[in-house]
Amino acid sequence: MNHTRKANRLINEKSPYLLQHAYNPVDWQPWSDAVLERAREEDRPIFLSIGYSTCHWCHVMAHESFEDEAVAARLNRFFIPVKVDREERPDLDRIYMTATQAMTGSGGWPLSIFLLPDGQPFFAGTYFPPQAMADRPSFTDILTAIERAWREDRGRINDSAARITAYLRQISATGPAAAQLAPDLPHKGLEALAAMYDRSYGGFGSGNKFPQPAYLELLLRSTFATGDSDAMEMLVETLNAMTAGGIYDHIGGGFHRYAVDRQWRVPHFEKMLYDQAQLAAVLLDASLVVGNPGYAATARATLDYCLRDLRRHGGFFSAEDADSENPYNRQEHGEGAFYLWQEAEIDALLAPAEAVIFKAAYGVEPDGNAFSDPAGEFSGRNILYRAMDDRDLARRFDRSAEEIAALLDRGRQTLLQRRSRRTRPHLDDKVITAWNGLMLSALAKGCRILDEPRYLKAAEETADFLLDHLVVEGRLKRRWRDGEARFDANLEDYIFLIQGLIDLYAADHRPLRLQQALDLAGTMVADFADPAGGFFDTPAGTGLITRMKDRYDGAEPSGNSVAALVLLRLARLTGDTSWQELGRQTIRAAAATLKEQPAALPLMLAAQLLDQGRARQVIIAGYPDDDDTRLLLGAVNHRYLPDTTVLVADGARNQDYLATLLPFIAAVGTKDGRAVAQVCEGFSCRLETGDAAELARILGQ
């Protein structure tokens, strides 16, 4: 970044991404109504560049083109250049990414799109190089062609914009919701996943391997609902491959964005908060279903990474970059440099006998172990992955498995201490409401399943931070940074936070959290509901060219999928069937997508499974902090029970509040001064029990 130049208008923004471009010679402006008005008055096209601060190819295009004086002069002379942080404005990103995919057949970031003065897109792409390449023109060639067409062939530009805008509005429109859904849609979703499944290395697809937490969640739910053995196999083999692979940070915890190879060995090293939250939650649930304590340990390490490195106040930061300073040559920066190890450094840090075992465990080789290194960035260095498990190491080195585990733990701690002295990758320190909502869920699950009070404390602090700092004049905001909450919340901000509060309520049984969830749910329905079923991504009146509906559970789940799950859960918590009907309408509104592409919305299929299955309640009479109550809660918390709602009649505020929603709760009480539990399903309840083992037996039926 060249600070000798005069800053452009991005200097007044809070986004780390926009601030990275504040000293470009390009006369960037943030998106605003004033920008559109200026474009109309001056009859100039808008060049819209969308990215985010930890995006590798965004950095490349910035260096090659946006820092170039000649390119900047051309942009400034004829276009109105606008920069958008996709993480602050997912509404804009979704509209224009959908347009780009429609026009080019693919998408990604940086997103480079040209607009009419009213915001309609007419030409789009992603990364454009400074010189033409075999498969794409140069950025300056694009600017020349668009300038010529703007002057000489405006009619063709207007026609292109009209066609793509009509397409966007067409796919955003919702027809009547289906009267009912085919009951076998979840099974068809599993068949679609099985067709994509890599039976050699786990995961889905045969190229880059993404974690796909929504796929894993459907596999979990299907295993629970139907006992499907293929779903279990896909789940276990994928989680085993991911947690052993280089995509997982074996030293510091947490997952990198994706692997560039089928074997999960070589990652793209960016770390995103939404990945950590979703994968920790899936691993925690899978540890209960599969009985693999390694999954719980990986989830714990992932949550601890977030608490250690992505948090300074109440909220969690967004991401860490893939690129970093090379600790072996500080004049260089490169992909993953912070995470790579030379064999000699490991030998210097560990005792010789321990170094041999550690290197065997993590696949360390003298000349480096990255078999996929097209850019030559990993030469002579190692990406740690589990090449041997503890049992194999114990046999090879004639040690007990317990000795091996302790030795590797010491080695990891030693390397973590050394790594902490390196220059960390760039941190995007903005707080995104939606992603923090996902972290609330993960922390609440961590508290319940791992019996870890630290996670409950962190979840409470996060919930308080979000509701204290990201609610402004009664309205939820999308982003907080440097003391400023800004941008109206989108659907996913509302529903992920509501889900997080419900999960927190399941952990702390404080009525405040359920009240907060219900208040936000009421606002969400009022502002985002589509009368035809489901929810728009944005409220009305934004001035954008259309209101979109996300129809894909990708790296982040669709707001509609999570809404369907959450609304069904709210109905079971409150006894209010209107929430259930809204949830069912949301599922039915997705019927066409589910029929055509059943794997597009795996969490919507999970919601259908939830609605099709039994609705069971566990009512526990007792104060949550008392030992006998804790034993009963533990019997519930240590089982995977997505169909079960826990209601705690504490003889105090929680019971009083629940009684306003479910009047029968008022009469529930302890027995002979001891906590008791009762399992109810349909219109019948079993005899109450104060024995945690008996409760666990009943729940296992």
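Our structure is the block above this text.
Keep in mind that what you see is a predicted model, and the values were worked out from it rather than measured.

Below, the discussion takes up the overall build of the protein chain. On a plain count of helices and strands, the protein chain comes out with 27 helices and 20 strands. For 701 residues, the compact-globule formula gives about 27 Å, and the C-alpha radius of gyration of the protein chain, at 26 Å, lands near that figure. Seen along its three principal axes, the alpha-carbon backbone of the protein chain occupies a region of about 85 × 70 × 45 Å. Within the protein chain, buried positions represent 58% of all 701 residues. Long-range pairs, those at least 24 residues apart, make up 68% of the contacts in the protein chain with a sequence separation of at least 6. For the protein chain, the exposed surface amounts to about 27,700 Å²; the carbon and sulfur share of it is 48%.

All right, on to the pairing of strand β16 (residues 484-488) then. Bridge analysis of strand β15 (residues 475-481) against β16 gives four bridges, and the strand direction is antiparallel. Residue pairing across strands places K477 opposite D488, the latter belonging to β16. Hairpin connection between β15 and β16: a loop of two residues separates the two successive antiparallel strands, and D482 in this loop has a positive phi of roughly 55°.

A separate point is the state of the cysteines. Enumeration according to the criterion identifies two disulfides in this entry. With a sulfur-sulfur separation of 2.3 Å, C55 is cross-linked through a disulfide to C58. One quick way to see it: the torsion about the S-S bond of C55 and C58 is about 80°, and its sign makes the bridge right-handed. Taking the relative accessible area as the measure of exposure, C55 reaches 3% and is therefore buried. Disulfide pairing is shown between C680 and C685; the S-S distance is 2.0 Å. The S-S bond linking C680 to C685 shows a torsion near 105°; that makes this disulfide right-handed. Judged by its relative accessible area of 7%, C680 falls in the buried class. Across the protein chain, the disulfide pattern expressed with sequentially numbered bonded cysteines is 1-2, 3-4.

The subject of this paragraph is the sheet that holds strand β18 (residues 644-649). Strand order in the open sheet formed by four strands is β18-β17-β19-β20, with mixed pairing between adjacent strands. At either margin of the open sheet sits one strand with a lone partner, and together these are β18 and β20 (684-685). Summarising the sheet, strand β17 (residues 616-621) and strand β19 (residues 676-681) pair through six bridges and their orientation is antiparallel. If you follow I619 over to β19, its bridge partner there is Q678.

Running from amino to carboxyl end, helix α9 (residues 213-226) crosses helix α11 (residues 273-290) at an angle of 20°, the nearest separation of the two axes being 10 Å. One element, α9, and the other, α11, form an angle in the roughly parallel class. For the pair α9 and α11, the sense of crossing is left-handed. Two secondary-structure elements touch here, α9 through P213, L216, E217, L220 and T223 and α11 through Q278, L279, V282, D285, A286 and V289.

Moving on, we get to the packing of aromatic side chains. Counted by the stated rule, this structure contains 27 aromatic pairs. Above the plane of the ring of Y385 lies R265, whose end atom (NZ or CZ) is 3.9 Å from the centre. In this structure, K271 packs its charged tip against the face of Y305, placed 3.9 Å from the ring centre.

A few words now on α9. Structural remark: α-helix, 3.6 residues per turn; residues separated by three or four positions point the same way. An ideal rise of 1.5 Å per residue puts 20 Å on 14 residues; α9 measures up with 20 Å between its terminal C-alpha atoms. For α9, the complete set of buried residues consists of P213, A214, Y215, L216, E217, L218, L219, L220, R221, S222 and T223. At the exit of α9 stands G227, carrying a positive phi of roughly 70°.

The topology assignment puts R639 in the loop between α25 (627-637) and β18. A C-alpha to C-alpha distance of 21 Å links R639 and M439, two positions 200 residues apart in sequence. Residues in contact with R639, not counting those within four places in the same chain, are L288, A696, L699 and G700.

Locating D550 in the fold gives a position in the loop between α20 (511-528) and α21 (559-574). Within polar-contact distance, the side chain of D550 engages the backbone nitrogen of Y552 at 3.3 Å. For D550, the contacting residues outside a window of four places in its chain are R94, D537, S558 and N560.

Here is what the cut-offs are and how they apply
Within any chain, residue numbers begin from 1 and follow the written order of that chain's sequence. Restriction of local features to residues with pLDDT of at least 70 applies here, the model being predicted, together with a cutoff of 80 or more for giving and counting side-chain atom pairs; totals for whole chains, interfaces and linings are based on all residues. Side-chain calculation: all heavy atoms of the structure are included, whereas hydrogens and water are not. Counting from the N terminus, the helices are DSSP H or I runs at least four residues long and the strands are E runs at least two residues long. Here the globule rule reads 2.2 Å times residues to the power 0.38, and the radius of gyration is calculated from C-alpha atoms. Between buried and exposed lies partly exposed: a residue is buried under 20% and exposed over 50% of the maximum accessible area for its type, with that area taken using a 1.4 Å probe on protein chains only. What makes two residues a contact is simply this: any of their non-hydrogen atoms within 4.5 Å. Computed with a 1.4 Å probe, the accessible areas rest on the Shrake-Rupley method; for each residue, only the protein chains presented here act as cover. Only when DSSP finds a minimum of two bridges between them are two strands counted as paired. By definition, disulfides here are pairs of cysteine sulfur atoms that lie within 2.5 Å. To define axes, lines are fitted to C-alpha atoms, for helices over the stretch in contact only, and angles between the resulting N-to-C directions are given on a 0 to 180 degree scale. Note that the term roughly parallel is reserved for angles under 35 degrees, roughly antiparallel for angles over 145, roughly perpendicular for angles of 65 to 115, and oblique for everything else. Crossing handedness: left-handed means the near helix sits turned counterclockwise from the far one by under a right angle, and right-handed means the same turn made clockwise. Ring pairs shown here join Phe, Tyr and Trp side chains whose ring centres sit within 6.5 Å, with only the six-membered ring taken for Trp; geometry is labelled stacked below 30 degrees between planes, edge-to-face above 60, and tilted in between. Only Lys NZ and Arg CZ are tested; either one counts as a charge over a ring when it is within 6 Å of the ring centre and within 35 degrees of the ring normal. To estimate how far a helix should extend, the number of its residues minus one is multiplied by 1.5 Å. We define a polar contact as two N or O atoms separated by no more than 3.5 Å, with the added condition that, inside protein, one atom must be a possible hydrogen donor and the other a possible acceptor, whereas residues neighbouring each other in sequence contribute only through side-chain atom pairs.

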